[in-house]
Amino acid sequence: GGAAVELDLARSHSRGSGAGGDEFRVASSLTCPPRGQIYSLNDARFDDWPLGLQRYISDVRSGAGQTGKHYSARYVCSLVADFHRTMHYGGWCGNPRPHLRLVYEGTATT
């Protein structure tokens with residue numbers, strides 16, 4: 001089996017489908033914690049981010065954010081994987097650049 005490539009959040013449970021198209025149940029109940037310590041952004045593009053985002057990420061990495069906890073980056077470069085992890089552990093994922101790769105990111109979540 002391969003990694004989950006589809007995540008169905010429209011039901012009371014989540015399910016995924018593997019590389020062979022076989023569907024499987026991921027969880028009987030999927031909830032997102034109110035706050036997590038993970039952010040999902042491409043750190044290699046840090047210098048291209050808006051200054052406010054750079055300051056925020058620098059603060060939460062060092063534990064100087066609102067919670068006082070140290071955040072860490074987890075970035076796969078796959079919206080489905082990054083979103084799935086964020087739903088389970090809390091935190092946030094995003095793309096500060098003004099584009100979305102429709103074929104690889106947008107379509108995979110519909």
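Here, every reference points to the structure presented above.
Here's a quick rundown of the structure. (Residues numbered from 1 in each chain as written. Predicted model: local features only at pLDDT ≥ 70, side-chain atom pairs only at ≥ 80, totals over all residues. Heavy atoms only, no water.)

1. Overview of helix H2 (residues 79-89)
Then, in step 1: Regarding H2, the residues found buried are Val 80, Asp 82, Arg 85, Thr 86 and Met 87.
Then, in step 2: Here the buried face of H2 lies against strand E3 (38-40) and strand E5 (92-93).
Then, in step 3: Two residues or fewer after H2 comes Gly 90, characterised by a positive phi angle close to 85°. (Buried < 20%, exposed > 50% of the residue type's maximum accessible area, 1.4 Å probe, protein only. Helix = DSSP H or I, 4+ residues; strand = E, 2+ residues; numbered from the N terminus. Contact = heavy atoms within 4.5 Å.)

2. Remarks on the pattern of salt bridges
Then, in step 1: One pass over the structure, following the stated rule, counts three salt bridges.
Then, in step 2: In this structure, the salt-bridge partner of Asp 48 is Arg 45, at a minimum N-O distance of 2.6 Å.
Then, in step 3: Note that Asp 82 is salt-bridged to Arg 85, the shortest N-O span being 2.7 Å. In this pair, Asp 82 and Arg 85 both sit in helix H2, three residues apart, roughly one turn of the helix. Both residues of the pair, Asp 82 and Arg 85, belong to the buried class. (Salt bridge = Lys/Arg side-chain N within 4 Å of Asp/Glu carboxyl O.)

This is a description of form; function is not addressed.
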